[in-house]
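Residue strings, one per chain:
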Amino acid sequence: MPLLLSASDPQAVALAAQRLRAGGLVGMPTETVYGLAADALSASAVAGIFAAKGRPSDHPLIVHIPAPAAPSAQAWADAVSPLVRDLPDVALALMQAFWPGPLTLILPRRDGVAAEAAGGQDSVGLRCPAHPAAQALLQAARTEGVLGLAAPSANRFGRVSPTTATHVVSEFADLGDGELLVLDGGACAVGIESTIVDLSRGVPVLLRPGQITPEQLEAVCGQPVRARDAQAPRASGTLESHYAPSAQVRLMDATDLTQALATVPAGKVAVYARVAVPSQPGVQQRTMPNSADAVAHELFAVLRELDASGVAEIWVEAPPAGSAWDGVRDRLTRAAA
Ligand code: TXA
Ligand code: MG
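Enquirer: Lay out the sheet that holds strand β15 (residues 313–317) with the relevant residues and their values.
Expert: If you walk across this open sheet you meet the four strands as β12-β15-β13-β14, and the pairing is parallel. Each edge of the sheet is formed by a strand with only one pairing partner; in this case those strands are β12 (248–252) and β14 (284–287). Mean inter-strand twist for the sheet, computed between neighbouring axes without regard to direction, equals 20°. Of the strand pairs in this sheet, β12 and β15 are connected by five bridges, and their pairing is parallel. Note that in β15 the partner of Q248 across the bridge is E313. Running at roughly 130° to β12, helix α10 (residues 326–336) makes contact with β12 and β15 of the sheet.

Enquirer: Go over the layout of surface pockets, please, and point to the residues and values.
Expert: There is about 170 Å³ of room inside the largest pocket. Around the largest pocket, the lining is made up of 13 residues, and of these L206, L207, P209, A227 and R228 lie nearest the centre. If you list the elements that add at least two residues to the lining of the largest pocket, you get β10 (205–208), β11 (226–227) and α10. Classifying every residue of the lining of the largest pocket by side-chain character gives six nonpolar, one polar and six charged. Formed jointly, the lining of the largest pocket draws a minimum of three residues from each of two domains, domain 1 (3–227) and domain 2 (248–336).

Enquirer: Describe the packing of helix α4 (residues 89–98) against helix α7 (residues 214–221), with residues and values.
Expert: Where α4 meets α7, the closest approach of the two axes is 9 Å, and the angle between their N-to-C directions is 125°. Between α4 and α7, the interaxial angle falls into the category oblique. Helix-helix and strand crossings are classified by hand; for α4 and α7 the assignment is right-handed. For the pair α4 and α7, the contacting residues are V90, A93, L94, A97 and F98 in the first and Q216, L217, V220 and C221 in the second. Considering only residue class, the contact of α4 with α7 consists of eight nonpolar, one polar and no charged.

Enquirer: Break down the pattern of salt bridges for me, with residues and values.
Expert: Applying the stated criterion across every chain, the model contains 13 salt bridges. The salt bridge involving R127 is made with E31; its shortest N-O contact spans 2.9 Å. With R127 in strand β6 (residues 123–127) and E31 in the loop between β2 (25–28) and β3 (35–39), the pair connects residues that are 96 residues apart, well separated along the chain. What makes E31 buried here is its relative accessible area of 6%. In this structure, the salt-bridge partner of E313 is R250, at a minimum N-O distance of 3.3 Å. Here E313 is found in strand β15, whereas its partner R250 is found in strand β12, with 63 residues between them in sequence. Each of E193, D330, R331 and R334 takes part in a single network of salt bridges with overlapping partners.

Enquirer: Quick one: what's the story with the packing of aromatic side chains, residue by residue and with numbers?
Expert: What the rule picks out here adds up to one aromatic pair. Seen from their ring centres, W76 and W99 are 5.4 Å apart, and the 70° between their planes marks the pair as edge-to-face. Of this pair, W76 sits in helix α3 (residues 73–80) while W99 sits in the loop between α4 and β5 (103–108), placing them 23 residues apart in sequence. For W99, a relative accessible area of 5% translates into the label buried. Of note, R274 hangs over the ring of W325, and the distance from its end group to the ring centre comes to 5.9 Å.

Enquirer: Hey, could you go over the sheet that holds strand β4 (residues 62–64) for me, with residue numbers and the actual values?
Expert: Note: strands within a sheet are paired through backbone hydrogen bonds, in either parallel or antiparallel orientation. Across the sheet, which stays open at both edges, the 11 strands sit in the order β1-β8-β2-β3-β7-β4-β6-β5-β9-β10-β11 with mixed pairing between neighbours. Edge positions in the open sheet fall to β1 (3–6) and β11, since each of these has one partner strand only. Alignment of β3 against strand β7 (residues 149–150), held across two bridges, turns out to be antiparallel. Bridge pairing in β7 places D39 opposite L149.

Enquirer: Hey, could you go over the domain arrangement of the chain for me, with residue numbers and the actual values?
Expert: Domains assigned within the chain are domain 1 (3–227) and domain 2 (248–336). In this complex, domain 1 contributes 23 residues to the contact, which on the side of domain 2 involves 14 residues. Across the interface of domain 1 and domain 2, roughly 1400 Å² is buried in total on both sides, 53% from carbon and sulfur atoms. Across the domain 1-domain 2 interface, the total number found is two salt bridges. Residues R331 and E193 are paired through a salt bridge, measuring 2.7 Å at the closest nitrogen-oxygen approach. Joining domain 1 to domain 2, the criterion identifies eight residue pairs in polar contact (both at pLDDT 80 or more). Within the residue set of the side of domain 1 that touches domain 2, elements represented by two or more residues are α6 (165–171) and α7.

Thresholds, definitions, all that
Per-chain numbering applies: the sequence of each chain, read as written, is numbered from 1 onward. By the order in which they are written, chains take letters starting at A while ligands take numbers starting at 1. Local features in this predicted model are restricted to residues whose pLDDT is 70 or higher, and side-chain atom pairs enter the listing and the counts only when it is 80 or higher, whereas totals over whole chains, interfaces and linings include all residues. In computing side-chain values, all of the structure's heavy atoms are included and hydrogens and water are not. Any two strands between which DSSP finds at least two bridges are classified as paired. Numbering of helices and strands starts at the N terminus; helices are DSSP runs of H or I of at least 4 residues and strands are runs of E of at least 2. To obtain an axis, a line is fitted to C-alpha atoms, over the contacting stretch when the element is a helix, and the angle between two such axes runs from 0 to 180 degrees between their N-to-C directions. Should any heavy atoms of two residues lie within 4.5 Å, those residues are counted as being in contact. Buriedness for pockets is judged along seven lines, at least five of which must meet protein on both sides within 12 Å for an open set on the 1 Å grid over protein atoms alone, while cavities are sets there where a 1.4 Å probe fits but cannot get out, and lining residues have an atom within 4 Å of a point. Grid points are joined across faces, edges and corners, and a volume is the space filled by probe spheres set on the points. Three residue categories are used. Nonpolar comprises Ala, Val, Leu, Ile, Met, Phe, Trp, Tyr, Cys and Pro, charged comprises Asp, Glu, Lys and Arg, and polar comprises the others, including Gly. Start and end positions for the domains come from either an automated domain assignment or a database one. Here roughly perpendicular refers to angles of 65 to 115 degrees, roughly parallel to angles under 35, roughly antiparallel to angles over 145, and oblique to all remaining angles. Here a crossing is taken to be left-handed if its near helix is turned anticlockwise relative to the far helix by less than a right angle, and right-handed if that turn runs clockwise. Only one rule defines a salt bridge in this text: a Lys or Arg side-chain nitrogen within 4 Å of an Asp or Glu carboxyl oxygen. The buried label goes to any residue with under 20% of its type's maximum accessible area, the exposed label to any with over 50%, and the partly exposed label to all in between, with areas taken from a 1.4 Å probe on protein chains only. Think of it this way: a Phe, Tyr or Trp ring, Trp meaning its six-membered ring, pairs with another when their centres are within 6.5 Å, and the plane angle makes it stacked under 30 degrees, edge-to-face over 60, tilted otherwise. A positively charged side chain is recorded as over a ring if its NZ (Lys) or CZ (Arg) lies within 6 Å of the ring centre. The angle to the ring normal must also be within 35 degrees. Summed over both partners, the accessible surface that disappears when two parts come together, traced with a 1.4 Å probe, is what is meant by buried area. Identification of polar contacts relies on pairs of N or O atoms within 3.5 Å, with a donor-acceptor requirement for protein atoms, meaning one able to donate a hydrogen and the other able to accept it, and with residues adjacent in sequence counted only if both atoms are side-chain atoms.

Encoded structure:
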């Protein structure tokens, strides 16, 4: 079993930083989802992430960095300069607006740095997470000489991302204490992975929707943010089928869902909907909140919980229109693929 320690214990954070220095793996709480972290500049440590996740090694990982003590444009530029070859003004504007926070920026990578974490791309994905425990770990690792932490979501490849420390432990239950230390920083506030913007190809391109919406990005960029196209680099979070529980997820509108439910046999289906459906013996139901942020916060935990009940199908009411729901809609569409 992985070793589970409280992220608010400074000794646990120090121990985790030492493990990272030694090339080991740490389950790191962030405000989006838990990450499976390792030294981003160590080829063997990064290989450990790919092996533990069962993820193909040509899928690039996000590199997490600590926040500067006094954030300013110059301080952010200095913070990323060991990894980034050139830094467009729009990147600095986005960092100042949204970092630390749930935004990943794809930037031109310096030759020979973090090549394995970048999965062979000539760019690097960078994020400065807002969770205080992530910042404490990143700072402690920096003190140990670790520049940044490569961290994909701490789940087995293709599975639902973890939003609690218990999820991480259950994903990697077959690993030994010595192989994975998980820091428990509570339930992730945002609950879905960061918004990803590619700034390595001239114009900003949205690679993955998240809590930060295209409108918010465009207001800061002062230019349109394009939707991703076929040329976008391969990104596992953008594979058609991802975030999949064992049960089949079906997205349905409120009317279809209510009608179909009337004839469903007990124990076969679980429901996650905003519409009030009549309670029915043998059908587990969860009420979906009305705000996109509240749904994002609980979405992956709800999918895990309903999946664990052993049903064949999870019927989910399709999210409403509007860009605030883009992140949730994207994750649900992939879970249903
Ligand atoms: O919120 C998050 O971003 C979480 C937490 C742990 O920070 N991390 C996360 O990592 O979601 P992961 O590996 O599950 O998803 C990272 C996404 C992938 O789709 C990956 O392909 C993309 O970022 N990515 C990373 N570096 C890239 C690059 N250089 N070019 C294109 N895509 C990149
Ligand atoms: Mg992931």
